[in-house]
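Descriptive analysis of the structure
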Amino acid sequence: MKTALILFAAIPAFAQQNFDFKLLDKLGANATGSTNITLEGDTLKLATSFLGDDTGSLKNLTGVYVRSYEFAKAGQYNEADLAPLRAYLKTLQWTKVVDVKETDETSEIYVHVLPNNRLGGLAIVSAEAKEVTVVFIAGALNMSDVGKLSGLGIPDIGLEHGGKKSDDSKKD
Amino acid sequence: MNLDDELRAALQREPAPVDFAAKVTAKTRTSKARVVPFRRRPAALALAAALALAALVPSAVYQYRQQRRAIQARDQLIAALSITKVQLQHVRERIQQNTRHKI
Amino acid sequence: MDFAQVVADNQSMVFSLAVRFLRDREGAEELAQDVFLQLYEKLSRIESPSHATGWLRRAICHRCIDEARKRRLRPRVGLDAVPEPLAESRHPDLLLNERLRRMVAELPESARMVVLLRYQEDLDPTDIAGLLSMPISTVKSHLHRSLAVMRGRLERQEICR
């Protein structure tokens, strides 16, 4: 089963308007299964305090959003419905650090790098034929803390070394 | 692979230990000695306990509900981070595959 | 109500839920015994064998979740951070079963119990929602997410073989 995963990363509050996740609802119009997570404000603070994050890596997160849709067959969602998201990421001065394209699958990773080697956000867009997933993680992270998040579910993908693009990466 | 079928097979009930029932029976014998039938408790004491409990219930319920909200939020956060991790891992593996391909 | 019969009829269900949830045989046995003792003390209020089964199932679910939170058993490493087994097995089904059980045990508590009730006890989402005092949409969401994560991990493991 193929999947479209869209990960959004955080943007500093002063930088620009928040993305309207209702724009992604169209993606799931024909979905046979869906996952919808929205964590922000006090709810997110409650969640991080209960998570036992001893490193404090998550304390500056301001929003975590997930939209994930599965489809019975290919062609059930419109790639064009991803356009508002990609446009939003461009306007926010994100850097695309990974761009992998194959016949029926694309994966993009964006980061928003702040001064002092901090991440302002992390976005992943991965689109497959029969599944769409959107995850948006908003908030400031230290690059050096990214590796420590393995215990809490975030893998080390080398971002703390400045990130690497694949040989297949394509610039917009 | 049908994951539903595989999960059903993997999660078939595991039998209780052979002496499980015997241990439970043994514990009930100890428990019998401790249980005091309600009718023997002084009525005044029972009434006082009921009133004290009634006073505590609203704040206890509120705290319980707050805790459950926090736990649900935490579980959602874990799920979001797990999904993130799986997808990042997937991207990394695709990059590695493409790199090996080129070599 | 014949308590010995209630134990005989339900011990496997209660113990299995606890041991699959906690992945701790000794702890699961103790918890399961406690739950039967609790039932014993309320036996006069149990109306039928099916009432006993329902009561026991609800009790062990909530006790397991509380116990796990007390022990802070939620995974300190994500699913993919645990090293993959490298050795080939002559019994691939057994290896797969164990891998699946391990993945289930590493799910967040609520999702873990939902998956166990669905696939061990064969309950439908409506019954699970009632048992865990959870909206049906949340139950379905837990199932969907958990299967997605496990499926993803199994696919990654196949790539690495």
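Here the structure is a predicted model, which is why all the values come from computation and not from measurement. (Residues numbered from 1 in each chain as written. Chains lettered and ligands numbered in written order. Predicted model: local features only at pLDDT ≥ 70, side-chain atom pairs only at ≥ 80, totals over all residues. Heavy atoms only, no water.)

**Notes on the overall build of chain C**
Operational definition: Put simply, DSSP marks the helices as runs of H or I at least four residues long and the strands as runs of E at least two long, and each gets a number from the N terminus on. Only the protein chains shown count as cover for residues, and all accessible areas are computed by the Shrake-Rupley method using a 1.4 Å probe.
In terms of regular secondary structure, chain C is built from 7 helices and 0 strands. Along the chain direction, N to C, the helices and strands of chain C fall in the order α-α-α-α-α-α-α. Put simply, chain C shows about 7,200 Å² of open surface, and 50% of that area lies on carbon and sulfur atoms.

**Focus on helix H1 (residues 3-22) of chain C**
Residues and elements named next belong to chain C. Condition: Bend at a given residue is defined as the angle between two axes, one fitted to the seven residues that end at that position and one fitted to the seven that begin there. Exposure is judged per residue with a 1.4 Å probe applied to protein chains only, and the accessible area is read against the type maximum: over 50% gives exposed, under 20% gives buried, and values in between give partly exposed. Counted as a polar contact is a pair of N or O atoms within 3.5 Å, where, for protein atoms, one must be capable of donating a hydrogen and the other of accepting one, and residues adjacent in sequence contribute only when both atoms are in side chains.
The axis of H1 is deflected most strongly, by about 55 degrees, at Asn10. Across the 20 residues of H1, 15 count as buried, placing the element largely inside the fold. At the N-terminal end of H1, a side-chain oxygen is found 3.1 Å from the backbone nitrogen of Ala4, two or three residues along, and the residue is Asp2. Just past H1, the residue Arg23 takes up positive phi, approximately 55 degrees.

**Considering the nonpolar core**
Stated formally: Residues enter a nonpolar core if they are buried and are Ala, Val, Leu, Ile, Met, Phe, Trp, Tyr or Cys, with the set joined through side-chain atoms within 4.5 Å. Residue contacts follow a heavy-atom distance rule, with two residues in contact if any of their heavy atoms lie within 4.5 Å.
By size, the foremost hydrophobic cluster in this structure holds 57 residues, and its most contacted members are Leu7 of chain B together with Met113, Leu117 and Leu132 of chain C. Here this core gets 11 residues from one element, more than from any other, and that element is H1 of chain C. If near-sequence neighbours (up to four positions away) are discounted, Leu132 of chain C is found in contact with Arg68 of chain B together with Cys61, His62, Ile65, Met113, Val114 and Leu117 of chain C. Ranked by size, the runner-up nonpolar core spans 21 residues in total, among them Phe19, Leu24, Tyr69 and Tyr88 of chain A.

**Here's the deal with the confidence of the model for chain C**
All names here are of chain C. Threshold: Within a predicted model, pLDDT stands for the predictor's per-residue confidence, ranging from 0 to 100.
On average, residues of chain C score 82 in pLDDT, and 83% of them reach the 70 mark or higher. When pLDDT is averaged over each helix and strand of chain C, the minimum, 80, is found for helix H4 (residues 92-105) and the maximum, 94, for helix H5 (residues 109-119). The complex prediction reports pTM at 0.48, with the ipTM value standing at 0.79.

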